[in-house]
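Residue-level structure breakdown
Each chain, written out:
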Amino acid sequence: MGPLAPALDRIGKHLAEDDGARVVVLASGDPGFFGIVRALAERFGPAALDVRPGAPSIAVAFARLGLPWDDAVVVSAHGRDPRTAVNVCFAHPKVAVLTGPGAGPAELAAGLLYGSEERTLVVATALGDPEHERVERLTLHEAAGRAWPDPVSVVLCLDESRALSPVRTVAGPAVSPAGWALAEAEFEHRDSMITKFEVRALALARLGPRTGDLVWDIGAGSGSVAVECARLGAAAVAVEKTADGVERIRANAAAHGVHVRAVHGAAPIVLSDLADPDAVFIGGGGHELPAIVTACARRARRAVVVAVAALDRVGPVRSALAAAGLEPEGVLLQSSRLAPLPGDVTRLAAANPVFLLWGVRPPAGASEGANQ
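Residues numbered from 1 in each chain as written. Predicted model: local features only at pLDDT ≥ 70, side-chain atom pairs only at ≥ 80, totals over all residues. Heavy atoms only, no water.

1. Examining the pairing of strand β10 (residues 303–308)
Here β10 lies mainly inside the structure; six of its six residues are buried. On β10, burial covers both faces: Ala303, Val305 and Ala307 on one face and Val304, Val306 and Val308 on the other are all buried. For strand β9 (residues 279–282) and β10, the ladder comprises four bridges, and the chain directions are parallel. Across the sheet, the residue bridging to Ile282 is Val306, located in β10. (Buried < 20%, exposed > 50% of the residue type's maximum accessible area, 1.4 Å probe, protein only. Helix = DSSP H or I, 4+ residues; strand = E, 2+ residues; numbered from the N terminus. Pairing = 2+ DSSP bridges.)

If you want it as structure tokens, here you go:
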């Protein structure tokens, strides 16, 4: 119940002093599932271990609910920053979180309150103990307002409308999509106001959305970038200033079977209410674009990607990225698509050129190392 290193040292000392010594380590559930087996195997070698697993707490928790868990995403928040667990809960309909001090039901619920209000938390405490076991269903508000004693075994975060998925052959979250940079026809949009798939392809490559990340899509329009990031496993927030655009984003997310939080409002004002992102895509902004880029670049953990059509906005965007400590780069994308002509011939139809600019935050200590 204390620091692990001294316990491992004591085991090592005992084994070194007595060739025939045997040491028993007690662990709850399956010690090979986010458990002590990893630390023991790294220290003493797998061949030295005789592992006798019990039922994982996650399996027991889902059993209490009568739900399968082959489609659940499992994330450990024990001794880790809870933001990753929050983002996974945000993005996926069935998540099991192994909790820890400072990363329990209240912290998870508080992080989700303004992103996935339809989620239900199931808090399982003292699983397997017939006298003290409790399994409770709560809303996010209920869970956030409670004082939870340690230890809580596991927290399940469920979108109950999608708690039963189709029959599966591979366990874990949904398999990553076979393709991305979907055609514009895959999204509902207004007057072709959508990030074209050629631009979206490079933007996604620079954003690098993945499970556990939070990505903002600013000036989202149709929400095509946010939807694609969500399809790749990231938690996605789409900011759009028009009411009909917000409804369009929600419709596109539903059509692709993903969750995107659509925020109605104008950047940079509404950004103060959002959790810090890992990456940001900015597809609109008008005269406020430099201020929006500055606000996003100051808070992005990894990268900011900006699409602009006007040449005179390239300089201010690059300056804003650099001023926030990001390393700016960019390209001019000019593409021509094959288009049919009468007589069974084909022509090239040029698309409007777009500047794609991005800034990447250098690794911590990179500048100091470069100066030594």
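2. Details of the packing of aromatic side chains
Tallied over the full model, the rule gives two aromatic pairs. Centroid distance Phe33 to Phe34: 5.4 Å. Interplanar angle 90°. Geometry classified as edge-to-face. For Phe33, a relative accessible area of 30% puts it in the partly exposed group. Its relative accessible area of 48% is what places Phe34 among the partly exposed residues. Considering the side-chain rings of Phe33 and Trp69, the 6.4 Å spacing of their centres and the 90° angle between planes classify their relative orientation as edge-to-face. Highlighted residues: Phe33 in the loop between α1 (4–17) and α2 (37–44) and Trp69 in the loop between α3 (57–65) and β1 (73–76), separated in sequence by 36 residues. One residue, Arg146, lies across the ring of Trp148, its end atom 4.1 Å from the ring centre. Between the NZ or CZ atom of Arg206 and the centre of the ring of Trp358, over which it lies, the distance is 4.7 Å. (Phe/Tyr/Trp six-rings, centres within 6.5 Å; stacked < 30°, edge-to-face > 60°. Lys NZ or Arg CZ within 6 Å of the ring centre and 35° of its normal.)

3. Observations concerning the pattern of salt bridges
Here the idea is simple: oppositely charged side chains can pair when their charged atoms come close. All chains considered together, the criterion is met by 21 salt bridges. A salt bridge links Asp159 to Arg162; the nearest nitrogen and oxygen atoms lie 3.1 Å apart. Judged by relative accessible area, which is 8%, Asp159 ranks as buried. For Asp244, the salt bridge identified is with Arg248, shortest N-O distance 3.2 Å. One end of the pair, Asp244, and the other, Arg248, are both in helix α9 (residues 243–255), four residues apart, so they sit about a helical turn from each other. Note on Arg248: relative accessible area 13%, which makes it buried. What you see here is one network of salt bridges that share partners, running through Glu184, Glu198, Arg200, Glu228, Arg231 and Arg337. (Salt bridge = Lys/Arg side-chain N within 4 Å of Asp/Glu carboxyl O.)

By themselves these figures say nothing about function.
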